[in-house]
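Architecture at a glance
Given next are the chains, with one letter for each unit.
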Amino acid sequence: GAVVSQHPSWVICKSGTSVKIECRSLDFQATTMFWYRQFPKQSLMLMATSNEGSKATYEQGVEKDKFLINHASLTLSTLTVTSAHPEDSSFYICSVPDRPYNEQFFGPGTRLTVL
Amino acid sequence: KQEVTQIPAALSVPEGENLVLNCSFTDSAIYNLQWFRQDPGKGLTSLLLIQSSQREQTSGRLNASLDKSSGRSTLYIAASQPGDSATYLCAVPLDTGRRALTFGSGTRLQVQP
C-alpha cells in the first residue's frame with residue numbers, strides 16, 4: 001500500500017501565527033488526498049479533500065480561509081493553519097486513497113499545540 | 001448521512017483470549033469497509049479492507065466480516081496479545097460516490113499480560 005509521511009510530527013506555536021503541515025505520498029502518485037482532524041478522545045473527522053491541480057473542497061463548518069490547502073504535485077499536499085488559536089490545537093492527519101480498491105493509507109499525524 | 005457506531009467503547013481482556021469488536025453503519029450502500037488500528041498519539045494503520053462483494057477478510061490472527069444488508073461488520077482477534085492493545089477504528093465511505101471516510105468512535109482494547 002501507499003506510504004505516507006507528514007512533517008512536522010509535532011509543533012507548538014503562539015496564538016496568531018501560521019503553521020504549515022506537509023503530507024507526502026512517498027511511493028504513489030495521488031491526485032487526491034484527505035485531511036482529517038482528531039480532537040482528544042474523539043474520532044477522526046474529515047476536514048477537506050485536497051485535489052491536485054485544483055481547489056480543495058471543504059466539509060461543512062471548516063473555514064477554507066483559515067485552513068489553506070495546496071496540492072501542488074502528485075506527491076505533496078500542504079495544510080496551512082492561518083492565525084492559529086488555542087481551539088485549533090488538535091491532531092491533524094492526512095490520508096491517501098490507493099487504487100483500485102480505495103484502501104486508505106494514513107500519515108503518522110501532526111500534533112499542533114497553540115499557546 | 002452515514003453514521004458509524006462501534007461497540008464496546010472499551011474492552012479489557014487477559015492475554016490469550018479471543019475477542020470480537022463490533023461495527024455498525026446506517027447506510028448499507030457502501031463499496032468497502034476498512035478496519036484500522038491506532039496507537040496513542042500515532043497515525044492509523046490499515047488492518048483489513050473488505051470490498052462490498054466480500055463477506056470476510058483474514059490477515060494473521062485477524063478476521064473481519066461484513067454483512068452489508070444488516071449494516072454490520074465484526075473484527076475477530078484470535079489469541080490476543082499485549083501488543084494488540086490499541087484503539088480499533090472502523091470506517092466506511094462518507095457518502096455514496098465519495099472516497100473520504102467516516103469513522104466510528106473506536107474500541108479501546110487493553111490486553112493484560
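See above for the structure.
Predicted model only: the values in this text are computed from it and were never measured. (Residues numbered from 1 in each chain as written. Chains lettered and ligands numbered in written order. Predicted model: local features only at pLDDT ≥ 70, side-chain atom pairs only at ≥ 80, totals over all residues. Heavy atoms only, no water.)

Right, let's get into the overall build of chain B. Looking only at helices and strands, one finds 0 helices and 11 strands in chain B. Order of helices (α) and strands (β) in chain B, N terminus to C terminus: β-β-β-β-β-β-β-β-β-β-β. Relative to a compact globule of 113 residues, whose C-alpha radius of gyration would be 13 Å, chain B shows 13 Å and is just as compact. For chain B, the C-alpha atoms occupy an extent of roughly 45 × 30 × 20 Å along the three principal directions. Out of the 113 residues in chain B, the part that is buried amounts to 46%. (Helix = DSSP H or I, 4+ residues; strand = E, 2+ residues; numbered from the N terminus. Rg over C-alpha atoms; globule rule 2.2 N^0.38 Å. Buried < 20%, exposed > 50% of the residue type's maximum accessible area, 1.4 Å probe, protein only.)

This paragraph deals with the overall build of chain A. Tallying secondary structure elements over chain A gives 0 helices and 11 strands in all. Of the regular secondary structure in chain A, the N- to C-terminal order runs β-β-β-β-β-β-β-β-β-β-β. Radius of gyration (C-alpha) of chain A: 13 Å, near the 13 Å computed for a compact globule of 115 residues. Residues counted as buried form 53% of the 115 residues belonging to chain A. In chain A, the proportion of contacts linking residues at least 24 apart, taken out of those at least 6 apart, comes to 53%. When the accessible surface of chain A is totalled, it reaches about 5,700 Å², and 53% of it is carbon and sulfur. On chain A, the mean spot of the 10 positive side-chain charges and the mean spot of the 10 negative ones are 6 Å from each other. (Contact = heavy atoms within 4.5 Å. Areas by Shrake-Rupley, 256 points an atom, 1.4 Å probe, with all protein chains shown as cover. Lys, Arg positive; Asp, Glu negative; His and termini not counted. Charge placed at Lys NZ, Arg CZ, Asp CG, Glu CD.)

Turning our attention to the sheet that holds strand β1 (residues 4-7) of chain A. All names here are of chain A. One open sheet accounts for 4 strands, arranged β1-β3-β8-β7; its pairing is antiparallel. On the outer flanks of this sheet lie β1 and β7 (67-73), each paired with one strand and no other. For this sheet, the mean angle separating the axes of adjacent strands, direction not counted, is 15°. Bridging between β1 and strand β3 (residues 19-25) involves 4 bridges; their strand directions are antiparallel. The residue bridging histidine 7 from the neighbouring strand is glutamate 22, located in β3. (Pairing = 2+ DSSP bridges. Axes fitted to C-alpha atoms, helices over the stretch in contact; angles between N-to-C directions.)

Let's shift gears to the packing of aromatic side chains. One pass over the full model with this rule turns up 6 aromatic pairs over all chains. Note on tyrosine 36 of chain A and phenylalanine 103 of chain B: the rings are 5.7 Å apart at their centroids and 85° apart in plane angle, and the pair reads as edge-to-face. Note that tyrosine 36 of chain A is positioned in strand β4 (residues 32-38) and phenylalanine 103 of chain B in strand β10 (residues 101-103), a pairing that runs across two chains. Taken as a pair, tyrosine 36 of chain A and phenylalanine 103 of chain B share a single burial class, namely buried. Ring geometry for phenylalanine 36 of chain B versus phenylalanine 103 of chain B: centroids 5.8 Å apart, planes at 45°, classification tilted. Of the two residues, phenylalanine 36 of chain B is situated in strand β4 (residues 32-38) and phenylalanine 103 of chain B in strand β10; the sequence distance between them amounts to 67 residues. The class for phenylalanine 36 of chain B is buried, based on a relative accessible area of 0%. Here phenylalanine 103 of chain B falls in the buried class, since its relative accessible area comes to 8%. When the ring centre of phenylalanine 67 of chain A is taken as origin, the NZ or CZ atom of lysine 66 of chain A, which lies over that ring, is 6.0 Å away. (Phe/Tyr/Trp six-rings, centres within 6.5 Å; stacked < 30°, edge-to-face > 60°. Lys NZ or Arg CZ within 6 Å of the ring centre and 35° of its normal.)

Another point: the state of the cysteines. Overall, the coordinates contain 2 disulfides over all chains when judged by the stated rule. The disulfide partner of cysteine 23 of chain A is cysteine 94 of chain A, and the S-S distance across this bridge is 2.0 Å. Disulfide cysteine 23 of chain A to cysteine 94 of chain A: torsion about the S-S bond roughly 85°, handedness right-handed. Of this pair, cysteine 23 of chain A sits in strand β3 while cysteine 94 of chain A sits in strand β9 (residues 90-97), placing them 71 residues apart in sequence. Taking the relative accessible area as the measure of exposure, cysteine 94 of chain A reaches 0% and is therefore buried. Put simply, cysteine 23 of chain B and cysteine 90 of chain B are joined by a disulfide, and their sulfur atoms are 1.9 Å apart. Disulfide cysteine 23 of chain B-cysteine 90 of chain B: torsion about the S-S bond near -55°, hence left-handed. Note that cysteine 23 of chain B is positioned in strand β3 (residues 19-25) and cysteine 90 of chain B in strand β9 (residues 86-93), a separation of 67 residues in sequence. Taking the relative accessible area as the measure of exposure, cysteine 90 of chain B reaches 0% and is therefore buried. Note on cysteine 13 of chain A: no disulfide assigned, nearest cysteine sulfur contributed by cysteine 94 of chain A at a separation of 19 Å. (Disulfide = S-S within 2.5 Å.)

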